[in-house]
Amino acid sequence: MTDLEAALRAHEPEPSLASDVPIEWGRYASYRELLQGFALREREGARLSIAGRSVQGEPIVRFELGPETKAGSALVLGGIHAMEWIGVESALALVDSLLADRPARRVVIYPLLNPDGYRAAEANLRARRFRFVRANANGVDLNRNWHTDWRPRKPFYQRVFTFLGTPGARPSSEPEVAAVTRELDASRGEFVRGTSLHSFGGMLLLPYGGRFGRPPDYDALHAHARGVNARLGGRYTIRASSAWVPGQFAHGMELDDLHARGISPILVECAWGQLSLWRPSTWLHPWRWFNPVDPEVQATRIAAALRPFLLDEP
Ligand SMILES: [Zn+2]
């Protein structure tokens, strides 16, 4: 029995989310359906491995597609934050795109870095609990736990809004982050492009997140982001991550860590979600703030827009 089969056996079949929650919440996969989707893509030819285990023992799934030659590889991270499910869907849409049309470069994809958070968000959806979840099972924000510019002290807004999570005891203290940094530590400059798929507002974020100013390659990164934005219809805002909340730095972000390792990264806030002034049912429902009604349409668009950037394809 493979690790993935063992994980599937540990989770009883449940009604699909589409039948369990009102339809306007979207047609998203339950955690168990995600595991089934991972197994299906392995059968279709994506090279699957388990890079680590989450705090609660769930597999950190890693896909590899394209040639085995490592030089010029791309890295894709999805699902770092618990409720940003459209990022997971977009990572899987990239896997599907690369299965359908084989890339000339190697692409490594971690579609779901926070499985425990995903499961917590799912449990809230099923129980009609309108709760905000972001961190992993240790209460650590997995996007503040990376080596570059990591700080032990929570930024001001995370001390006020405690549900946003802590930075962790030290960089890579969390097994979900360590699963990726182990691979990056062992790599020898073979990763050249990268993306991390989030979801809050439509934005393409560039380094730095943890310090003032712009990196020397900012103009080149901005040109890549403009290309991605053009393929998305030009509706996204491109900015340095530290300008997201002016005066508030995000220390220990994946974006800065990938960049410090010589990777050209773009953090994608995939979608606008369903929050609407005109629909009061969305006001107090945090999960809906992050996720559009139709994940398939948006995920396919995001994957198609990112592919030329990641693979240096025309
Ligand atoms: Zn996020």
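To start, this report covers the structure provided alongside it. (Residues numbered from 1 in each chain as written. Predicted model: local features only at pLDDT ≥ 70, side-chain atom pairs only at ≥ 80, totals over all residues.)

**Notes on the overall build of the chain**
Piece 1. If you tally the helices and strands in the chain, you get 11 helices and 8 strands.
Piece 2. Here the chain has a C-alpha radius of gyration of 18 Å; the compact-globule value for 314 residues is 20 Å, and the two agree.
Piece 3. Projected onto the principal axes, the alpha-carbon positions of the chain cover approximately 50 × 45 × 40 Å.
Piece 4. Here the chain holds 314 residues, and 48% of them are scored as buried.
Piece 5. Long-range contacts, defined here as pairs at least 24 residues apart, represent 77% of the contacts in the chain between residues at least 6 apart. (Helix = DSSP H or I, 4+ residues; strand = E, 2+ residues; numbered from the N terminus. Rg over C-alpha atoms; globule rule 2.2 N^0.38 Å. Buried ≥ 20, exposed ≤ 12 C-beta atoms within 10 Å, placed from the backbone. Contact = placed C-beta atoms within 7 Å.)

**As for helix α3 (residues 31-43)**
Piece 1. Its 13 residues give α3 an end-to-end C-alpha distance of 19 Å, which sits within 8% of 18 Å, the value for a rise of 1.5 Å per residue.
Piece 2. Three or more residues of α3 are buried, namely Tyr 31, Leu 34, Leu 35, Phe 38 and Arg 41. For α3, the angular spread of buried residues about the axis comes to 125°, placing them on one side. Away from its buried face, by an angle of more than 90 degrees, α3 presents the exposed residues Leu 40 and Arg 43.
Piece 3. The elements touched by buried residues of α3 are α1 (3-10), β1 (47-53), β2 (59-65), α4 (85-100) and α5 (115-126). (Expected span 1.5 Å × (residues − 1). Arc of directions from axis to C-beta.)

**Quick word on the environment of Glu 5**
Piece 1. As for its position among the elements, Glu 5 is in helix α1.
Piece 2. As a C-alpha pair, Glu 5 and Gly 227 span 222 residues in sequence and 40 Å in three-dimensional space.

**A look at the environment of Gly 66**
Piece 1. Inspection of the secondary structure puts Gly 66 in the loop between β2 and β3 (73-78).
Piece 2. Taking the C-alpha atoms as reference, Gly 66 lies 5.7 Å from Arg 105; in sequence the two are 39 residues apart.
Piece 3. Setting aside anything within four residues of it in sequence, one finds Gly 66 in contact with Leu 98, Arg 102, Pro 103, Ala 104, Arg 105, Arg 106 and Val 107.

**Structural notes on the packing of α4 against helix α11 (residues 295-311)**
Piece 1. Running from amino to carboxyl end, α4 crosses α11 at an angle of 60°, the nearest separation of the two axes being 8 Å. Judged by the angle between their axes, α4 and α11 are oblique. Between α4 and α11 lies a crossing of right-handed hand. Between α4 and α11, the residues in contact are Ile 86, Glu 89, Ser 90, Ala 93, Leu 94 and Ser 97 and Pro 295, Gln 298, Ala 299, Thr 300, Ile 302, Ala 303, Ala 304, Leu 306 and Arg 307, respectively.
Piece 2. The residue inventory of the contact of α4 with α11, partitioned by class, reads 9 nonpolar, 4 polar and 2 charged. (Axes fitted to C-alpha atoms, helices over the stretch in contact; angles between N-to-C directions. Parallel < 35°, antiparallel > 145°, perpendicular 65-115°, else oblique. Left-handed = near helix turned anticlockwise from the far one by under 90°. Nonpolar A, V, L, I, M, F, W, Y, C, P; charged D, E, K, R; others polar.)

**Focus: helix α8 (residues 218-231)**
Piece 1. With 14 residues, α8 should cover 20 Å at 1.5 Å per step; its first-to-last C-alpha distance of 20 Å lies within 8% of that length.
Piece 2. For α8, the set of buried residues is Leu 221, His 224, Ala 225 and Val 228. Along the axis of α8, the buried positions cluster into a sector of 100°, meaning they face one direction only. Structural note: α8 exposes Asp 219, Ala 220, Ala 223 and Ala 230 on the side pointing more than 90 degrees away from its buried face.
Piece 3. Against the buried residues of α8 lie β6 (203-206), β7 (237-240), β8 (264-269) and α11.
Piece 4. Immediately downstream of α8, the backbone of Gly 233 shows phi near 90°, a positive value.

**Here we look at the sheet that holds β2**
Piece 1. Overall, mixed pairing links the 8 strands, which are arranged β1-β2-β4-β3-β5-β8-β6-β7 in an open sheet. Here the strands that pair on one side only, and so sit at the sheet edges, are β1 and β7. Each neighbouring strand pair of the sheet contributes to a mean axis angle of 20°, computed without reference to strand direction.
Piece 2. Of the strand pairs in this sheet, β3 and strand β5 (residues 191-198) are connected by 6 bridges, and their pairing is parallel. Across the sheet, Val 76 pairs through a bridge with Thr 195, a residue of β5. (Pairing = 2+ DSSP bridges.)

**Observations regarding the environment of Ala 100**
Piece 1. Mapping Ala 100 onto the fold places it in helix α4.
Piece 2. Through-space distance from the C-alpha of Ala 100 to that of Glu 44 is 9.6 Å; in sequence the pair is 56 residues apart.

**With respect to the pairing of β6**
Piece 1. Both faces of β6 are covered, namely the face carrying Met 203 and Leu 205 and the face carrying Leu 204 and Leu 206.
Piece 2. Pairing of β6 with β7, which is carried by 4 bridges, proceeds in the parallel orientation. Residue pairing in the sheet places Leu 204 in a bridge with Ile 238 of β7.
Piece 3. Taken together, β6, α8 and β7 form a β-α-β motif whose crossover is right-handed.
Piece 4. Pairing of β6 with β8, which is carried by 3 bridges, proceeds in the antiparallel orientation. Looking at β8, one finds that Met 203 is bridged to Glu 269. (Right-handed = clockwise from strand over helix to strand, strands pointing away.)

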